[in-house]
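Observations on chain architecture
Below are the chains, spelled out letter by letter.
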Amino acid sequence: MSRIGRSVIHLPDSVKVSIAGNTVRVAGRLGETAAQLSPRVAVTLDGKTLRVERKSDGCDDRALHGLARTLVANMVRGVTEGYEKTLEVHGTGYKVEKKKDSIVLQLGFAHPVEFPIPGDIAIDVDRNVIKVRGIDSERVGTVSASIRSLKPPDPYKGKGIRCQGERIKLKPGKSGV
């Protein structure tokens with residue numbers, strides 16, 4: 001049996017869970033989220049614990065067991081704590097500012113780049129630090145990857161947008177052979 005799949009999910013007092021068929025809805029203080037799980041797994045609610053069980057011992061069912069448990073655990077964590085990714089903008093003259101429903105980035109191009117903020121994501125800007133927050137782990141990661149792809153770090157000077165704590169291994173220049 002899957003080690004991840006067989007562990008139970010303990011629910012905080014502020015979290016409400018409803019299960020209808022294969023759909024699991026989780027509501028908490030930060031919002032509400034839902035996921036459609038595979039019919040090969042079953043989610044049961046016992047008081048303040050959630051348990052995910054697979055219907056058979058087939059190879060595909062074993063693979064889906066741990067995945068389904070992790071998705072439900074991420075939903076519970078998302079509505080209680082939320083998820084956050086921090087991006088840093090490095091480079092001379094590179095600036096970030098937040099407008100009403102978008103962020104405007106000066107990234108060394110001939111024109112400023114405007115990135116619209118999705119409705120389910122909150123973005124805070126402090127100087128050249130961008131914080132992406134939300135209740136869905138996958139959505140937060142996708143939005144921060146989209147922002148990073150606007151100007152990935154340069155391998156020679158290190159200029160660009162990088163995740164907080166990301167280390168860029170710089171290549172030697174022409175004369176540094």
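For the structure given in this document, a descriptive report is provided here.

Cut-offs applied
Residues numbered from 1 in each chain as written. Predicted model: local features only at pLDDT ≥ 70, side-chain atom pairs only at ≥ 80, totals over all residues. Heavy atoms only, no water. Helix = DSSP H or I, 4+ residues; strand = E, 2+ residues; numbered from the N terminus. Rg over C-alpha atoms; globule rule 2.2 N^0.38 Å. Buried < 20%, exposed > 50% of the residue type's maximum accessible area, 1.4 Å probe, protein only. Contact = heavy atoms within 4.5 Å. Areas by Shrake-Rupley, 256 points an atom, 1.4 Å probe, with all protein chains shown as cover. Pairing = 2+ DSSP bridges. Axes fitted to C-alpha atoms, helices over the stretch in contact; angles between N-to-C directions.

1. Examining the overall build of the protein chain
From N to C terminus, the protein chain includes 3 helices and 13 strands. Radius of gyration (C-alpha) of the protein chain: 21 Å, far over the 16 Å computed for a compact globule of 177 residues. Taking the principal axes of the C-alpha coordinates as reference, the protein chain spans close to 60 × 45 × 25 Å. The burial tally for the protein chain puts 33% of its 177 residues in the buried class. Here the analysis covers contacts within the protein chain between residues at least 6 apart in sequence; of these, 51% occur between residues at least 24 apart. When the accessible surface of the protein chain is totalled, it reaches about 10,800 Å², and 49% of it is carbon and sulfur.

2. Observations regarding unusual backbone geometry
Its identity as a non-glycine residue notwithstanding, Arg127 has a phi of 55°, on the positive side. Along the polypeptide, Arg127 turns up in the loop between β11 (122–126) and β12 (129–134). Since its relative accessible area comes to 74%, Arg127 is described here as exposed.

3. Notes on the sheet that holds strand β3 (residues 23–28)
One open sheet accounts for 3 strands, arranged β2-β3-β4; its pairing is antiparallel. Edge strands, defined here as strands with exactly one partner in the open sheet, are β2 (16–20) and β4 (31–36). Ignoring strand direction, the axes of neighbouring strands in this sheet form an average angle of 15°. Examined bridge by bridge, β3 and β4 share 6 bridges and lie antiparallel to one another. From the neighbouring strand, Arg25 faces β4, where its bridge partner is Ala34.

4. Observations regarding the sheet that holds β12
Across the sheet, 4 strands lie side by side as β11-β12-β7-β13; this open sheet has antiparallel pairing. Strands at the two margins of the open sheet, each flanked by one partner only, are β11 and β13 (160–163). The sheet shows a mean angle of 25° between the axes of neighbouring strands, taken without regard to direction. Two elements, strand β7 (residues 83–90) and β13, share 4 bridges in a ladder whose sense is antiparallel. Looking at β13, one finds that Val89 is bridged to Ile161. Packed onto the sheet, helix α3 (residues 137–148) meets β7, β11, β12 and β13 and runs at close to 10° relative to β7.

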